[in-house]
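Per-entry structural report
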Amino acid sequence: MVQNADVASLFDQIADLLEIRGDNPFRVRAYRNAARTVGEWPQNLSEILARTGALPRMPGIGADLDGKIREILTTGHLATLDTLREAFPPHLTDLLEIPGLGPRKVKTFYEELGIHDVAGLSRALRDHRIAALPGFGAKSEERIAKSVASRLAKVRRYRLADAARQALPLLDALRSVRGVRDAVVAGSFRRMRETVGDLDFLVTSEDPGPVVERLVGYGEVDRILASGPTKASVVLRTGLQVDLRVLPQISFGAALVYFTGSKPHNIALRRLAQEKGLKINEYGVFRGKERIAGSSEESVYRALGLAPIPPELREDRGEIQAAARGPLPELVALSDLRGDLHARAPGTGVINGVAGLARAARDRGFAYLAITGSGGKSSGRGRPDPDRLRAKKKDLDPIQATIPDVALLLALEVEIRADGSLGLPDEALSDFDLVVGAVEDHFDLSREAQTARVLRAIEHPRLNILAHPTGRLLGEREPADLDMLRILRKAREHQVALEIDARPDRLDLPDLYCRMAKDEGVLLAPSAVAQDPEDFDNLAFGVGQARRGWIEKNNVLTTRPLEEVRRFLEKRT
Ligand code: DGT
Ligand code: CA
Ligand code: CA
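Glancing now at the site of ligand 1. Lining the immediate surroundings of ligand 1 are 16 residues, of which R157, S188, R191, G197 and D198 lie closest. In the model, an oxygen atom of ligand 1 is placed 3.0 Å from a nitrogen or oxygen of the D200 side chain. A distance of 3.3 Å separates a nitrogen atom of ligand 1 from a polar atom in the side chain of N266. For ligand 1, whose accessible area on its own is 600 Å², the fraction buried by protein is 72%. Those elements that place two or more of their residues in the shell around ligand 1 are helix 10 (187-190), strand 4 (198-204), helix 12 (252-260) and helix 13 (263-275).

Shown next as structure tokens:
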């Protein structure tokens, strides 16, 4: 369901682009005002439209904007914006978020120096090309450089897997303190967001002092920001901040809800409590002075008339309305997975490498594992050699013999070229159990061209899985500009599954697209893309994205038995 904030964001983007283009200021202002009105509107417009067939009358929203809001609510996008975007590079508007940079300066940077994203601006600053621009000079260049640096520092977020590597030993350390009953990492970490800003530890104990001492004395601590009787904040050597709260068992549930967040979810809960004449805070749920819930999370949600809500869903994306109607979907769990369709045989020592991966798969209770030979550009120098890949099939036989409980499939990973053709001739694709296609370059094509490229690849009769569909690299590369709805519909039509690449820097397919995939009936395939046995540990984070996308067991291809997977791969129904 489209949220009011999504509508507001599209209107803001129009205003940004119109401003960069130097459009009529009144028109820009109309979009800005509409963005604010819609963003602050107390009811979900999408729901109102669905229920009543009309939008409420809103100040400053005339017939034209009313039509545009309907267009967004019903189609998920806005043709006016799509047309406008075609005229600009996709990340140009990121520059507007840098303090001190308005549309006029961004326009100058773009037109004079071809700067179209923050990275480009950083390079220009380093080479002192900004100071050389008419009307700028060394002083203003320095000011801009400071803004860029502070913005980059402020938005520094840590990948979920990296945060986990730091959180888990600390969690163990806190759990081992005498008197500690429960210890969890709440916040965005518990919600399995793809990146976290900091770690929020909650510990229950009747004796908080030693818990706080353990944290501030922890070996990885670089500096102590604050330390009190029941709470502390520290920064680890990596720069990651840790917030700790120690509390009595009786309010553990309420504190878990409060500090797991998200903030929008909490705000919505508080509003719901008010409607019911209740009060909710980190200590419990109260009717007047009487405390009616708080020791467990379940008690808190029940007291508000809600089914318990899994942490991954707590983003105010419709979970509260759904929990008021009845139980939430049973989300897919790591233990539901029966295999992985994308593991990588290292170039040399194939036998040892594959055997290690197969044993790791067996230890996880997997029934199948696809080993991927790379046939595209990523195979390195020279032309792809289908014969060499075919030879790998024989390599698998002796390994299969020693590890009979995991069926080893042979997959081919093939590049999707810029025009959407596959990087190997059709004959080469037929000898494999499955074909995994991936975009590996030209991430900056226009939305239209990028979408057409992927659509064409999906139409290829041999393609089974679209790997890391958006190409995002967390903190490094934005997702490619794609019309995901069209891609999902095409994937459904051609029996292609979308991968959730669980590698720490990808987590691609992102949560919102997972949810779209579910709505469109497209199957997902979480994959560790393992090269080493321990890489399979990352599957937990891939499943986290799926859970954030409301994915259930039956939406996932690899929760199915081998025979069903084979039928899917052979494109029989
Ligand atoms: P992060 O750390 O940026 O990845 O995101 P979170 O969600 O972990 O946010 P954080 O660490 O600032 O706070 C943890 C939770 O505490 C947050 O999800 C909700 C709750 N919280 C923090 N500040 C407020 C607030 O002002 N109001 C309410 N209702 N909840 C808050
Ligand atoms: Ca946090
Ligand atoms: Ca925090």
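What follows concerns the pattern of salt bridges. Summed over the entire model, instances satisfying the criterion amount to 38 salt bridges. Residue E194 is joined to R472 by a salt bridge in which the shortest nitrogen-to-oxygen separation is 3.3 Å. Of this pair, E194 sits in the loop between helix 10 and strand 3 (195-196) while R472 sits in the loop between strand 15 (465-466) and helix 19 (484-493), placing them 278 residues apart in sequence. Judged on exposure class, the residue E194 and its partner R472 are both buried. Between R503 and D501 there is a salt bridge, with its nearest N and O atoms 2.6 Å apart. A single salt-bridge network, built from bridges that share partners, covers R191, E315, R317, D511 and R548.

Roughly 370 Å³ of volume is contained in the second largest pocket. For the lining of the second largest pocket, the elements supplying multiple residues, two or more each, are helix 9 (160-175), strand 2 (183-185), helix 10 and helix 21 (539-548). Counting residues per element, the lining of the second largest pocket draws most heavily on helix 9, which supplies six residues. Here the lining of the second largest pocket is built from residues that sort into 12 nonpolar, one polar and four charged. Two domains each put at least three residues into the lining of the second largest pocket: domain 2 (158-247) and domain 4 (334-569).

Moving on, we come to the sheet that holds strand 2. Spatial ordering of the open sheet is given by 2-4-7-6-5, a layout of five strands whose pairing is mixed. Bordering the open sheet on either side are strand 2 and strand 5 (221-227), each of which pairs with just one other strand. Within the sheet, the average angular offset between the axes of one strand and its neighbour, ignoring direction, is 20°. Here strand 6 (residues 231-236) pairs with strand 7 (residues 241-247) via five bridges, running antiparallel. Paired with V234 across the two strands is V242, which belongs to strand 7. Of the strands in this sheet, strand 4, strand 5, strand 6 and strand 7 are in contact with helix 11 (residues 208-216), which crosses strand 7 at around 170°. Helix 12 rests against strand 2, strand 4 and strand 7 of the sheet, and its axis sits at about 175° to strand 4.

This part covers the nonpolar core. Residues L369, L498 and F536 are the most contacted members of the largest nonpolar core, which totals 58 residues. Residues in contact with F536, not counting those within four places in the same chain, are D340, L357, A360, A361, R364, F366, L369, A528 and A530. V28, L49, L81 and F109 belong to the second largest nonpolar core, which has 46 residues in total.

As a general feature of sheets, a regular strand has side chains that alternate between the two faces. The element strand 16 (residues 497-501) is largely enclosed, with a buried count of five among its five residues. Burial along strand 16 is two-sided: the face carrying A497, E499 and D501 and the face carrying L498 and I500 are both buried. The sheet contact formed by strand 15 and strand 16 spans two bridges and is parallel. Across the sheet, L466 pairs through a bridge with L498, a residue of strand 16.

Coordination sphere of the calcium ion (ligand 3), protein contribution only: D198 (OD), D198 (OD), D200 (OD) and D243 (OD), at 2.2 to 2.9 Å. Between the two metals, the calcium ion (ligand 3) and the calcium ion (ligand 2), the spacing is 3.8 Å, and D198 donates to both.

Now for the domain arrangement of the protein chain. Domain boundaries in the protein chain define domain 1 (4-153), domain 2 (158-247), domain 3 (252-325) and domain 4 (334-569). For domain 1 and domain 2, the distance between their C-alpha centroids amounts to 37 Å.

Next up on the list: helix 1 (residues 4-21). An ideal rise of 1.5 Å per residue puts 26 Å on 18 residues; helix 1 measures up with 26 Å between its terminal C-alpha atoms. Listed as buried for helix 1 are N4, V7, A8, L10, F11, I14, A15, D16, L17, L18 and I20. Downstream of helix 1 by a residue or two, G22 has a phi angle that is positive, lying close to 80°.

On to the packing of helix 1 against helix 2 (residues 25-40), then. One way to put it is that helix 1 packs onto helix 2 with a least axis distance of 8 Å and a crossing angle of 165°. Our classification of the angle between helix 1 and helix 2 gives roughly antiparallel. Crossing angle aside, the handedness with which helix 1 passes helix 2 is left-handed. Of the residues in helix 2, those in contact with N4, V7, A8, F11, D12, I14, A15, D16, L18, E19 and R21 of helix 1 are R27, V28, Y31, R32, A34, A35, V38 and G39.

Quick look at the pairing of strand 14 (residues 434-438) now. Summarising burial for strand 14: five of the five residues are buried, a large majority. Residues L434, V436 and A438 line one face of strand 14 and the alternating positions V435 and G437 line the opposite face, and both faces are buried. As defined by bridge partners, strand 13 (residues 407-415) adjoins strand 14 across five bridges and the pair is classed as parallel. Counted as the bridge partner of A411 is L434 from strand 14. Bridge count for strand 14 against strand 15 is two bridges, and the pairing is parallel. The partner of G437 across the bridge, within strand 15, is L466. Considered for its hand, the β-α-β crossover made up of strand 14, helix 18 (residues 447-459) and strand 15 is right-handed.

Let us now look at the packing of helix 1 against helix 4 (residues 63-75). One can describe the packing of helix 1 onto helix 4 by two numbers: an axis separation of 10 Å at closest approach and a directional angle of 120°. Taken together, the axes of helix 1 and helix 4 lie oblique to each other. Judged by the twist between their axes, the crossing of helix 1 over helix 4 is right-handed. Packed against helix 1, whose contacting residues are V7, L10 and F11, the element helix 4 presents L65, K68, I69, I72 and L73 at the interface. Across the contact of helix 1 with helix 4, the residue classes break down as seven nonpolar, no polar and one charged.

Criteria and cut-off values
Residues numbered from 1 in each chain as written. Chains lettered and ligands numbered in written order. Predicted model: local features only at pLDDT ≥ 70, side-chain atom pairs only at ≥ 80, totals over all residues. Heavy atoms only, no water. Near = heavy atom within 4 Å. Polar contact = N/O pair within 3.5 Å; in protein donor to acceptor, adjacent residues only side chain to side chain. Areas by Shrake-Rupley, 256 points an atom, 1.4 Å probe, with all protein chains shown as cover. Helix = DSSP H or I, 4+ residues; strand = E, 2+ residues; numbered from the N terminus. Salt bridge = Lys/Arg side-chain N within 4 Å of Asp/Glu carboxyl O. Buried < 20%, exposed > 50% of the residue type's maximum accessible area, 1.4 Å probe, protein only. 1 Å grid on protein atoms, 1.4 Å probe; cavity = no way out; pocket = protein on both sides within 12 Å on 5 of 7 lines; lining within 4 Å. Points joined across faces, edges and corners; volume = space filled by probe spheres on them. Nonpolar A, V, L, I, M, F, W, Y, C, P; charged D, E, K, R; others polar. Domains from an automatic or database assignment. Pairing = 2+ DSSP bridges. Axes fitted to C-alpha atoms, helices over the stretch in contact; angles between N-to-C directions. Contact = heavy atoms within 4.5 Å. Core = buried A, V, L, I, M, F, W, Y, C linked by side-chain atoms within 4.5 Å. Donors = N, O, S within 2.8 Å, 3.2 Å for Na, K, Ca; no water. Expected span 1.5 Å × (residues − 1). Parallel < 35°, antiparallel > 145°, perpendicular 65-115°, else oblique. Left-handed = near helix turned anticlockwise from the far one by under 90°. Right-handed = clockwise from strand over helix to strand, strands pointing away.

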